[in-house]
Every structure is written in structure tokens, then in C-alpha cells.
Amino acid sequence: MLTVLSQTGGIVLLLALATQKWLTGISKTNYVLTTLKCLWFVFIYALCTFLIVPLIARPLGRVPLPMRETGHLKPHNLLSCLLNRNYVHKDLEQTAFRVAAQMHQQFPGSTLNYLDAGFPFINGFPLLPHLSHNDGKKLDLSFYYRDAKTNQVLNSNGSFTGYGICEEPLPGEINTAQGCSKNGYWQYSLLKKIVSQKNKEALTFDEQRTAAMVNFFVADENIGKLFIEPHLKTRLKLSSQKIKFHGCRAVRHDDHLHVQLK
Ligand SMILES: [Zn+2]
């Protein structure tokens, strides 16, 4: 499970188990020893995640996106960094920083909030539940919202993981989610059913900032393809050929933007 979640977690656990013998010299009491073993695992995990993994990953072509707000780029949830899900190819890192700066310049106070990126090692290693985030060339980004009551601009999206709060099709707009579900693709709207929708009412979709973000990525020479739900492509008046439909085998993209390198 640790390997599926974080790629390196399983190996770190084996490493911690293999090197924990010396702890028995500190205490023989069961609960003290168990606590020490857990702390030992956390220590080794932190050492690997913060120091060793970034050092090894960099020469192999992947770099971690920042854990704290840096250059107006930040993770939506720190957990994605702690689970090593924030690694990208250097070109994608540069693009993310570039768009973050452009967003901040056009909308002072705005940050670019990233969601899942990729793992540090091995092309083809799946970053579940994503189908394609397996080579450091893909990155998901949060949409922008406003406070529904005060209309104040926000840099959060109301979902713990950043996924699952969807900007539904309006009457008259194409409803891809309904079409995919009707055709038997039960997973297409699965996240929406799992994720708590209690914060949805408090948010208004910020069309202006979201469209600007998409257009900045579209204009970036490193970016080859973007996924956003078709009804939002129409609503936000996005016309670039780089914006494709991801297909019913994926999940809906009216809760986040997906970008990938050429
Ligand atoms: Zn994605």
C-alpha cells in the first residue's frame, strides 16, 4: 500500500524494519518499543522524502515541485508532497513557475495551486488513480474560486484532495459526464460521489482566472496537451487545438485542469 501511495514508502518500511534492532536496547516494554519503531520509520521516511529522494531523482530527470509557496506556486495539499506525488520533468517545473508568475502578475495575490504530478522514479510506474501520470510529464492544477457570499477571490478549492468538486454543465451545455456514465463508464464521475460536497455551496467558480490560467498554459511552448471538460472549454471560450477530450475511460475534468509536456 505504501508503494502504491508514495512509490518509495514500501522500500523505506523494509529499510526501517532491517535497521530497528538497536531499539530493543532502549526499552523492553512493548508499547514503548512499538512507539520507538514507529518513530524510527517516520524518521527514515522523512530523511528519504526530504533529502535522499530529491537528490537521486534530480540527475534522473525529475524534480519536486515546492512544498511551500515559492514563486507563487504551491501545493493544494501538503500530503501530495509527503507522498512524493509532486515530481515533474524540469521543463514542466519551469512552465509551472512561469504560469504562476503570470497569474500573480495579472491577478495580484493569486497563487498557482498544483494537485497530483508524478512520482520521482521509473517511467511507466502508475500514480493511481491517474491513468497517465507515469512519466513526470503530467500535472494537475486546481481551478480558481471566489467566496460565494463575499465574492472575495480565494486560493483554495474546497476539496481536501483538490479533486471531486465539479463545475457542472449548465442547461444547454454539453453534458459529457452524463454521456459517459450512460455508456457504462461508471468511474467517470466516481470521485464526485466519494468526495464531500459540503463546501461546494460556499464557492463560486472563477471563470476569469481559470480561463487565464488555461490560456497561459496553452501559450507555453513546453505544453503539448491539456484536458478540461468540454462544457468548460466552450463556457470559458477556449479554442486552442492543444485542448483535447480525455475520453470516457478517464475521469471528469470539470474539477481540475490537466496539462502535459509535448
Ligand atoms: Zn491529470
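Everything in this summary refers to the structure shown in the same document. (Residues numbered from 1 in each chain as written. Predicted model: local features only at pLDDT ≥ 70, side-chain atom pairs only at ≥ 80, totals over all residues. Heavy atoms only, no water.)

When its secondary structure is counted, the protein chain shows nine helices and eleven strands. Rg of the C-alpha trace for the protein chain: 20 Å, near the compact-globule value of 18 Å for 262 residues, within the 12% margin. Along the first, second and third principal axes, the C-alpha set of the protein chain runs to 70 × 40 × 35 Å. Expressed as a percentage of the 262 residues in the protein chain, the buried residues total 49%. (Helix = DSSP H or I, 4+ residues; strand = E, 2+ residues; numbered from the N terminus. Rg over C-alpha atoms; globule rule 2.2 N^0.38 Å. Buried < 20%, exposed > 50% of the residue type's maximum accessible area, 1.4 Å probe, protein only.)

What follows covers the coordination of the zinc ion. At the metal site, the zinc ion is ligated by His 133 (NE2), Asp 140 (OD) and His 258 (ND1), and these contacts range over 2.0 to 2.1 Å. The sequence motif formed by the donor residues of the zinc ion is H-x6-D-x117-H. Across the pair, exposure class does not vary: His 133 and Asp 140 are buried alike. (Donors = N, O, S within 2.8 Å, 3.2 Å for Na, K, Ca; no water.)

If you trace the three strands from one edge of the open sheet to the other, you get S7-S6-S8, paired in antiparallel fashion. Both outer strands of the open sheet, strand S7 (153-154) and strand S8 (203-205), are each paired with one neighbouring strand and no more. Looking at chain direction, strand S6 (residues 145-147) and S7 are connected through two bridges and run antiparallel. By the bridge assignment, Tyr 145 is partnered in S7 with Leu 154. (Pairing = 2+ DSSP bridges.)

For the structure on display, the rule yields ten salt bridges. Two residues, Arg 209 and Asp 206, come together in a salt bridge whose shortest N-O distance is 2.7 Å. Each member of the pair, Arg 209 together with Asp 206, is buried. One salt-bridge network, in which partners are shared between bridges, spans Glu 168, Lys 192, Arg 252 and Asp 254. (Salt bridge = Lys/Arg side-chain N within 4 Å of Asp/Glu carboxyl O.)

So, on to the packing of helix H5 (residues 90-106) against helix H8 (residues 207-219). At a closest axis distance of 10 Å, the pairing of H5 and H8 adopts a crossing angle of 140 degrees. Comparing the axis directions of H5 and H8 gives the class oblique. Read as a crossing pair, H5 and H8 show a hand that is right-handed. Between H5 and H8, the residues in contact are Thr 95, Val 99, Gln 102, Met 103 and Gln 106 and Arg 209, Ala 212, Met 213, Phe 216 and Phe 217, respectively. Classifying every residue of the contact of H5 with H8 by side-chain character gives six nonpolar, three polar and one charged. (Axes fitted to C-alpha atoms, helices over the stretch in contact; angles between N-to-C directions. Parallel < 35°, antiparallel > 145°, perpendicular 65-115°, else oblique. Left-handed = near helix turned anticlockwise from the far one by under 90°. Contact = heavy atoms within 4.5 Å. Nonpolar A, V, L, I, M, F, W, Y, C, P; charged D, E, K, R; others polar.)

Turning our eyes to something else, we now look at the pairing of strand S5 (residues 138-142). With respect to burial, S5 is a largely interior element, five of its five residues being buried. Both S5 and strand S11 (residues 256-261) contribute to a ladder of five bridges, which runs antiparallel. Along S11, the bridge assignment pairs Leu 139 with Val 259.

Right, let's talk about the state of the cysteines for a bit. Under the defined criterion, the tally for this structure stands at one disulfide. Here Cys 180 pairs with Cys 248 through a disulfide, and the sulfurs are 2.0 Å apart. Handedness here is read from the sign of the S-S torsion; for Cys 180 and Cys 248, about -70 degrees, the answer is left-handed. On the criterion of sequence distance, the pair formed by Cys 180 in helix H6 (residues 176-182) and Cys 248 in the loop between strand S10 (243-244) and S11 is long-range, its members being 68 residues apart. Not part of a disulfide, Cys 38 finds its nearest cysteine sulfur in Cys 48, a span of 17 Å. A residue is classified by how much of its surface remains accessible, and Cys 38, at 46% relative accessible area, is partly exposed. Among the cysteines around Cys 48, which has no disulfide bond, Cys 81 carries the closest sulfur, lying 16 Å off. (Disulfide = S-S within 2.5 Å.)

Turning to the side chain of Asp 116, a few remarks are in order. Mapped onto the secondary structure, Asp 116 falls in the loop between strand S4 (112-114) and S5. For Asp 116, the side chain forms a polar contact with the side chain of His 130, separated by 2.7 Å. Not counting chain neighbours up to four residues away, the residues in contact with Asp 116 comprise Ser 80, Arg 85, Leu 127, His 130, His 133, Leu 139, Asp 140 and Tyr 163. (Polar contact = N/O pair within 3.5 Å; in protein donor to acceptor, adjacent residues only side chain to side chain.)

The quantities given are spatial measurements derived from coordinates; they are silent on function.
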